[in-house]
Amino acid sequence: MFHALSDATRRAILRDVSREARTVGQIAEPYNMSLAAVSKHLQVLERADLIRREKKGNFRMVQLNADSLRAAQEWLAYYETFWTGQLDALQNYLETAETPGEDVRNGNSGAGTEEE
């Protein structure tokens, strides 16, 4: 799933089909690529279970399979908690380490040293 989501074109396609079901031709319209190239992107999205194709008349309609995104969202939510805690700890460290005249980034205390 994350491989499928790593490509900007595939993410844009998902955004498009999340609004309404579209044909392959409609999906390809805004992109400067062949129908074959768009079909390859759709195959990746379909293998990741991010889209569904449904035949309506002579057309194959493509729509978002939002249920499969739930697993990715849950995985990311778990790590979001971890990273939020890490970033909060970093912020606390930086706030307590900094004193007036002290530059934590360079290790300079702000007090000039005279050359002898």
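Data block above holds the structure.
The rules we used
- Residues numbered from 1 in each chain as written.
- Predicted model: local features only at pLDDT ≥ 70, side-chain atom pairs only at ≥ 80, totals over all residues.
- Heavy atoms only, no water.
- Core = buried A, V, L, I, M, F, W, Y, C linked by side-chain atoms within 4.5 Å.
- Buried < 20%, exposed > 50% of the residue type's maximum accessible area, 1.4 Å probe, protein only.
- Contact = heavy atoms within 4.5 Å.
- Phe/Tyr/Trp six-rings, centres within 6.5 Å; stacked < 30°, edge-to-face > 60°.
- Helix = DSSP H or I, 4+ residues; strand = E, 2+ residues; numbered from the N terminus.
- Pairing = 2+ DSSP bridges.
- Axes fitted to C-alpha atoms, helices over the stretch in contact; angles between N-to-C directions.
- Salt bridge = Lys/Arg side-chain N within 4 Å of Asp/Glu carboxyl O.
- Polar contact = N/O pair within 3.5 Å; in protein donor to acceptor, adjacent residues only side chain to side chain.

A. Focus on the nonpolar core. Ranked by size, the top nonpolar core spans 18 residues in total, and within it I27, L42, L45, L50, I51 and V62 carry the most contacts. Setting aside residues no more than four positions away along its own chain, L42 makes contact with I13, V24, I27, I51, R53 and V62.

B. View of the packing of aromatic side chains. A complete count under the given rule lists three aromatic pairs for this structure. Plain terms: the ring middles of F2 and W75 are 5.2 Å apart, the flat faces sit at 50° to each other, and that makes the pair tilted. In this pair, F2 is assigned in helix 1 (residues 2-5) and W75 in helix 5 (residues 66-97), connecting sequence segments 73 residues apart. Exposure remark for W75: the relative accessible area of 46% places this residue in the partly exposed category. Taken together, the ring pairs in this structure connect F2, W75, Y78 and Y79 into an aromatic cluster.

C. Expanded view of the sheet that holds strand 2 (residues 51-56). Strand order across the open sheet formed by three strands is 1-3-2, with antiparallel pairing between neighbours. Only two strands of the sheet have a single partner each, and these edge strands are strand 1 (22-23) and strand 2. One ladder, built from two bridges, connects strand 1 with strand 3 (residues 59-64); its direction is antiparallel. Its bridge partner being in strand 3, R22 is matched across the sheet by V62. Here helix 2 (residues 8-19) sits on the sheet in contact with strand 1, strand 2 and strand 3, set at roughly 100° to strand 3. The sheet contacts of helix 4 (residues 35-47) involve strand 2 and strand 3, and relative to strand 2 the element is tilted by about 115°.

D. Looking closely at the pattern of salt bridges. Throughout the structure, instances matching the rule amount to three salt bridges. Residues R53 and E46 are paired through a salt bridge, measuring 3.1 Å at the closest nitrogen-oxygen approach. Ionic pairing is found between R70 and D67, a salt bridge with its closest N-O pair at 3.7 Å. Taken together, the residues R70 and D67, both in helix 5 and three residues apart, mark about one turn of the helix. Note on D67: relative accessible area 52%, which makes it exposed.

E. Spotlight on the side chain of N65. As for its placement among the helices and strands, N65 is situated in the loop between strand 3 and helix 5. Accessibility expressed as a relative area gives 7% for N65, which makes it buried. From its side chain, N65 meets the backbone oxygen of D49 in a polar contact 3.0 Å long. Within the structure, the side chain of N65 is placed 3.2 Å from the side chain of R52, a separation counted as a polar contact. Not counting residues up to four positions away in its chain, the partners in contact with N65 are D49, L50, I51 and R52.

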